[in-house]
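Breakdown of the fold
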Amino acid sequence: MPITVKELLDERSLALKADTGRVGLSKEISTPRIQKPGLLLTGLLEELHPDRVQIFGAAEIGYLTSLDQDGRALSLKILEEAEIAAIIVTRGIEAPDFLLDLTRRKQIPVLSTQLTSSILIERLIRFLEDRLAPTTTMHGVLADVLGIGTLILGKSGIGKSECALDLVSRGYRLVADDAVIVKRLSTATLFGSSSGITRYHMEVRGVGIINVKDLFGITAIRERKQMDLVVELVDWDPKGDYERLGFEDKTRDILGVDLPYFQIPVSPGRSVATIVEVAARNQVLKIMGYRPGTELEKRLRAKLHDPEKTGGSRRP
């Protein structure tokens, strides 16, 4: 979802101020990519990208102010025809009057910052990638178990929050309860967090709303976590077809990213938190290259082909 230039202006890490007042602050930015025009101002290259924020450093401002009237008219025509979203002037350089006159006429916002171009570009790209990332909200619980971001899903009342609470009491960390905000920050990486309103809070049926940070301390919570594993709690069904051997890896698609997926049946007497913890531990082993199911299968196949190597004996 696009953001406005006003939202960019409000981001404290960028230390921006508006040199053209409220001109163009409602314009939208829809890409995390930026552009530093450089030689584009000379007309040597094709075009400025109108959907990108333009960064003007000492080189760009110095070049424009050094031009004669005809040369400056050519460069300003390039800026005028581009219909760009916003210009940011770095290093605390004062934007020249001819640039401000053009941008006010074309309703192009000009922002400025004391930051150098390299620092601004790094912070700006990081900010835009986070704000413009594909996002969805999922009903579930996200916990950090042994460094594995574990998303716990299931229907309402099945015990997701109770499972997470048990994990927190064992020393693991809560990221979000009930509503997990999921963002895809690269082609294969998902991060989960909670909304600002419900952060640190959890609903425990029979007790009510609790604040995990206040009850268990700062080490019991995380602001956000990369998601590595999906566990879905389902009602126990004696006729259900549940995973027994683990030879086949199942996945769950979230925002186009496939995450390892387990379905755990819930019944009285089963320690769901223990099973979730074991699933996370098992995922750590898989990341390290060890797969218990595959190793057992190899041993069984080896025994079938040559029983003597595994302590077996052949029948006469």
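Our structure's up above, just so we're on the same page.
The rules behind each value
Residues numbered from 1 in each chain as written. Predicted model: local features only at pLDDT ≥ 70, side-chain atom pairs only at ≥ 80, totals over all residues. Heavy atoms only, no water. Helix = DSSP H or I, 4+ residues; strand = E, 2+ residues; numbered from the N terminus. Expected span 1.5 Å × (residues − 1). Buried < 20%, exposed > 50% of the residue type's maximum accessible area, 1.4 Å probe, protein only. Contact = heavy atoms within 4.5 Å. Pairing = 2+ DSSP bridges. Axes fitted to C-alpha atoms, helices over the stretch in contact; angles between N-to-C directions. Salt bridge = Lys/Arg side-chain N within 4 Å of Asp/Glu carboxyl O.

1. Comments concerning helix H8 (residues 272-287)
End to end, H8 covers 23 Å across 16 residues, agreeing with the expected 22 Å (1.5 Å per residue, within 8%). Considered for burial, the residues of H8 that qualify are Val272, Ala273, Val276, Glu277, Ala279, Ala280, Gln283 and Lys286. On the buried face of H8, the contacting elements are strand S8 (135-145), strand S9 (148-154), helix H6 (160-169), strand S15 (229-235) and strand S17 (257-266). After H8 finishes, the residue Gly289 shows a positive phi value of roughly 100°.

2. What to know about the sheet that holds strand S10 (residues 173-186)
Read from one edge of the open sheet, eight strands run S14-S11-S10-S8-S9-S15-S17-S16, paired in mixed fashion. Strands with a single pairing partner mark the edges of an open sheet, and in this sheet they are strand S14 (224-226) and strand S16 (251-254). On average, adjacent strands in this sheet sit at an angle of 40° to one another, irrespective of strand direction. Here S8 pairs with S9 via five bridges, running antiparallel. Note that in S9 the partner of Val145 across the bridge is Ile148. Here H6 sits on the sheet in contact with S8, S9, S10 and S15, set at roughly 35° to S8. Together, S8, S9, S15 and S17 form the strand contacts of H8, whose direction differs from that of S9 by roughly 140°.

3. A closer look at the pattern of salt bridges
One pass over the structure, following the stated rule, counts 15 salt bridges. For Asp130, the salt bridge identified is with Lys183, shortest N-O distance 3.5 Å. Of this pair, Asp130 sits in helix H5 (residues 117-131) while Lys183 sits in strand S10, and the two are 53 residues apart along the sequence. Here Glu223 ties to Arg199 by a salt bridge, and the two come within 3.4 Å at their closest N and O atoms. Taken as a pair, Glu223 in the loop between helix H7 (212-216) and S14 and Arg199 in the loop between strand S11 (189-193) and strand S12 (201-204) lie far apart in primary sequence, 24 residues in all. Each of Asp166, Arg170, Glu277 and Arg281 takes part in a single network of salt bridges with overlapping partners.

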